[in-house]
Amino acid sequence: PAAPAPAAPAAVEAARPRDPEAAERLAAELKRLTLDGSTEAVLRCCTPDVEALTVTRSMLPRLSLRRIVSELPSLTSLSLAGARLGAAGLRVVLLAAARNATLATLDLSGNGGDGECVAAVAAMLSSNGTLRELNLADNSLTTNLSEQVAPALVRNTSLTALRIARVGLLDATALAKAVATSQRIAVLDLSRNTCTAPAYRELCKAVSSGSLTDLNISGCDLDDTGGQSLAEAVRQGRLHRLQCDNTGLSATVVASVMAGLSRSAQVDKLQFVDVGTAKAGAWGGAFGDGAGWTRLLAPAAAVATLNLEACGLDSNNLRTLAAALRKNANLTHLNVSGNEVSLHPLKAALRKRRRRLRMLIAGRNDLTDLFAPPSPDEEEEGEEEEEANPDAAPEGEEEDDDCFGEPVAAWMPECLDLSGSKVDAPCCSQLGAALASFDCKCKDLVLDSCRLDGNLLSKLLAPLVDRVTMGGAAMLKRLVLFQTGVGDAGADALAKALKAGVHVHDLEVGFSNVSDRGASLLADTLTADSHTSSLGLRMNKIRNGGASALAKAISSGACPLRSLDVSANGIGVSGIKDLAASCAAGASGPLRVVDVADQRSDGEAAGSLPDHEMTAVLAAVARAVAAQPDLSVNLSALGGMAEDARKIDSGNIRTDFARVSCLRNPSLQDAIHLSQVLRVDAFTAAEWSMIVGKEAPSWLHVPGMRHMGVLASQMSMSVTPGKLTDLLESEADCGVGELFLVKDVVTKKPTGDAWILLDNAEAVQRALELYYRGGAALYGTPFAVSSIDVDVEGDADVGSEAALAHMALRSQEAAAAEAAERALVKAMHEQILVKQRNWKPCYTDGRIS
């Protein structure tokens, strides 16, 4: 028979299974890349299997984003969250996305956007037809966002999720109306903005229409009238997630919202409810009889997360909640912290649930007898309940072969958070006994900000030690004792328990007055038999002795640690050098993360290393990273601005070089390189005008002059043109033709950016070299320098004479403004002298008579 025809290349590519770890490998190589390092490993990881890319730092001049993204034909998700692109860079990416047909998810949160970015957002939404998720949170987009974006949102045909938390929005009426009209937005995050009553009315229409399934209005001021409207809307809508915590609603209105949710036709799909921190008060109204809770948390309900933090729960409605929880099978995360109520009724209900909670956050409540063994009456009631409802017992529970103690803790969740609670000796003893019980599945215990001492911690750990002594096993995946004040006595109790065989995988004892003695005791437990993989000791009183003990344990070769955090302790030069040397010695082991940053004590930089000492530290860390490329070491706030720090600084090795030089942050040129791949055509003249801003100098529109310009960004708002000009002339030998400080269009205050026209293209390179070697700083604050290498459609070298004329006019205006300011200062000085003479005649004629 004839041989089958070869498959087409496209068909072969479509049939080939994708590598799900390709994106992770690329992210790891990008993190390892140093300023002078080889880019081959990064480019090898740029394959068609990569569908998501996160950019948090610039790779110029070694590697451009244009080169990376051009090798990712399957890219559908791009995240620039927290990249600090600046307003101009953000506008570049937005307008590039307007002509893109592949991206489905775009995260631009935390990039320093301003009010002029709103027009770019509207243009992108009007033109793009593939983007489904857009995140613009934490950008100062000011008040006109709603009016400008709403029409574009109605025209858009693809967007289903919009997140605009903390953007300075004052009135979301038009935006909410657009959401209700479009019927496509399913996820809307308006948290931490200001919403008026009309905005809430339109938002309620969107909820009741059924298009919204995920709504977040946390931190938005909401009066009771709006709350009642929301309650009615959620009853008619299809919400799966609702977050309305910190909205200022009264407890009665919150109860009405919950009642509306419970009566919703989609209650079986409701997964997440957060109404925490409502106004304190007794819950009543629709939930007084428990019918609302029963409907909301019925056995068929899908609510997986419920946040009732600081909602004013009292004993009565807590019992109502407990009764509803008994037969609920889907709730896995419950937060009732901050209600200052006895949780004993909740314990009784959780003992009878069919499914164990995965997380219970119960801090700042009354924990009396919460962990005590059940009384005879409770046992008898439980047996009767089991006989009446045999299916109500917890599912999937099997007794351990090493049974020890009584079955008293089956109700305890996998993660128990008691942060901020008052724990006394009986509570510690009962909690320890519950953790040691054979039926306890709790593996994460958080006691953050609970006041403990060595004695209380010993009472907590004693039952676990006894279980090990009796031949059982005692293990906690995570134990958090941050800000507990356990001190060295607590460290001693922990060390004894660990040596006795109690296994704690992740131990956090930060900010708890642990000194060298306590650190040494914990270091002695890090042997081959230990299971401690993470040790957190930040913000304690550890000095060189404790650091050396930890370094010795790591260097032994038997240390099981993967992560060590001793930042902010006041460790001196010798201790830091020992820890750096231990990184190299322990690189062949499991160690992956070491944090020794910011060693200051009592406000003094106790661990600030001179350059010659820092060189030895960096050399040791470089050897460690060469042996173990996945090792991450934080050496920031220790000194080290020399060339050695520049060579080793990367996403894995953090030094002061990048921290004080802004080299981590992507620049305008990075955004331009990215845009050249995201869209196939050049920016139009109108788009370029939108990018540079309305008040930008005219030479930015002249190609022959634009290539001689740079953008200085992330500067202090107090920077003056004279200071910046002096720096460029003295440090980079750049002649400055014009320096234009960018001002906010609303407040008219400097934004920290400046467009600078230099003498020639060589001067641009010298300015960039000054930035790349870490010399771009004023008043001790570093700033970024970016070239402006961009193509604009229809550009021609015309208008240069007009640009020069505008420059001369601006120069005259600046000189006039400076002269007027000097005259004003002189006049004010004369007025002060007159007041002094009138106040004390002895100062007449400028002398004492």
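Residue numbers run consecutively from 1 along every chain, following the written order of its sequence. Where totals are concerned, whole chains, interfaces and linings use all residues; where local detail is concerned, this predicted model gives features only for residues with pLDDT of at least 70, and gives and counts side-chain atom pairs only at 80 or more. Note that the side-chain values use all heavy atoms of the structure and ignore hydrogens as well as water.

**Q** Tell me about the sheet that holds strand 24 (residues 750–758), and please be specific about residues and values.
**A** Strands are labelled as partners when DSSP assigns at least two bridges between them. A run of H or I in DSSP becomes a helix once it reaches four residues, and a run of E becomes a strand once it reaches two; helices and strands are each numbered from the N terminus. Ordered in space as 23-24-22-27, the four strands form an open sheet in which the pairing is antiparallel. Because the sheet does not close on itself, it has two edges, and the strands there are strand 23 (736–743) and strand 27 (784–787). Across the sheet, the mean angle from the axis of one strand to that of its neighbour is 25°, orientation sign disregarded. Pairing between strand 22 (residues 709–713) and strand 27: four bridges, direction antiparallel. If you follow Val710 over to strand 27, its bridge partner there is Ser787. Whether two residues touch is decided by their heavy atoms; if any such pair falls within 4.5 Å, the residues are in contact. All axes here are fitted lines through C-alpha atoms, helices being fitted over the stretch that makes contact, and every angle between N-to-C directions spans 0 to 180 degrees. Contacts from helix 28 (residues 721–731) reach strand 23 and strand 24, with the element oriented near 135° to strand 23.

**Q** Requested: an account of the layout of surface pockets, with residues and values cited.
**A** By volume, the largest pocket amounts to about 1,000 Å³. As for the largest pocket, its lining consists of 31 residues, of which Leu739, Phe740, Leu741, Arg810 and Ala814 are closest to the centre. At the level of elements, helix 28, strand 23 and helix 30 (800–839) are the ones that each hand at least two residues to the lining of the largest pocket. Looking at which element gives the most residues to the lining of the largest pocket, the answer is helix 30, with nine residues. In this analysis, the protein atoms alone were mapped onto a 1 Å grid. Cavities are point sets where a 1.4 Å probe fits without being able to get out; pockets are open sets with protein on both sides within 12 Å along at least five of seven lines; lining residues have an atom within 4 Å of a point. Grid points are joined across faces, edges and corners, and a volume is the space filled by probe spheres set on the points.

**Q** Residue-level account of helix 16 (residues 425–436), with values.
**A** What a helix should span is 1.5 Å times the count of its residues minus one. The first and last C-alpha atoms of helix 16 sit 17 Å apart over twelve residues, in line with the 16 Å expected at 1.5 Å per residue. Only protein chains enter the area calculation, which uses a 1.4 Å probe; residues under 20% of their type maximum are buried, those over 50% are exposed, and those in between are partly exposed. Within helix 16, the full set of buried residues consists of Cys427, Cys428, Leu431, Gly432, Ala434, Leu435 and Ala436. Where helix 16 is buried, its residues contact strand 13 (415–417), strand 14 (444–446) and helix 17 (454–469). Throughout this description, a polar contact denotes any pair of N or O atoms lying within 3.5 Å of each other; where both atoms belong to protein, one of them has to be capable of donating a hydrogen while the other can accept it, and for residues adjacent in sequence the pair is counted only when both atoms sit in side chains. Regarding helix 16, its N-cap is Asp424, as a side-chain oxygen of that residue lies 3.0 Å from the backbone nitrogen of Cys427 further along.

**Q** Can you tell me about helix 6 (residues 117–127), naming the residues and giving the values?
**A** An α-helix turns once every 3.6 residues. As a result, residues three or four positions apart point the same way. Residues of helix 6 that are buried include every one of Cys117, Val118, Ala120, Val121, Ala122, Met124 and Leu125, and no others. Those residues of helix 6 hidden inside the fold are in contact with helix 5 (86–98), strand 4 (133–135), helix 7 (145–155) and helix 26 (685–692).

**Q** Give a detailed account of unusual backbone geometry, specifying residues and quantitative values.
**A** What you tend to see is this: most non-glycine residues have negative phi, and most peptide bonds are trans. The omega torsion of the bond from Leu60 to Pro61 falls at 5°, within 30 degrees of zero and hence cis. Inspection of the secondary structure assignment puts Pro61 in the loop between strand 1 (52–54) and helix 4 (65–69). One non-glycine residue, Arg84, lies in the positive phi region at around 60°. Within the secondary structure, Arg84 is located in the loop between strand 2 (77–79) and helix 5.

**Q** Requested: an account of the side chain of Thr655, with residues and values cited.
**A** Looking at the element boundaries, Thr655 is found in the loop between strand 21 (653–654) and helix 24 (656–659). You can call Thr655 buried: its relative accessible area is 1%. Among the polar contacts listed, one links the side chain of Thr655 to the side chain of Asp649, at a separation of 2.8 Å.

**Q** Before we move on, can you summarise the environment of Ser786 with the specific residues and values?
**A** Mapping Ser786 onto the fold places it in strand 27. Between the C-alpha atoms of Ser786 and Val764, which are 22 residues apart in sequence, the distance is 9.0 Å. When near neighbours in sequence (up to four residues on either side) are disregarded, Ser786 contacts Ser667, Leu668, Gln669, Val710, Leu711 and Leu768. Polar side-chain contacts of Ser786 include one of 2.8 Å to the backbone nitrogen of Gln669.

**Q** Go over empty space enclosed by the protein, please, and point to the residues and values.
**A** Tallying each qualifying case throughout the model produces six cavities of 30 Å³ or more. What lines the largest cavity is a set of 14 residues, among which Leu85, Gly86, Leu668, Leu711 and Ser713 lie closest to the centre. Counting residues per element, the ones that place at least two in the lining of the largest cavity are helix 5 and strand 22. If you tally residues by element for the lining of the largest cavity, the top one is helix 5, at four residues. We call Asp, Glu, Lys and Arg charged. Ala, Val, Leu, Ile, Met, Phe, Trp, Tyr, Cys and Pro are nonpolar, and the rest, Gly among them, are polar. Here the residues of the lining of the largest cavity sort into six nonpolar, six polar and two charged.

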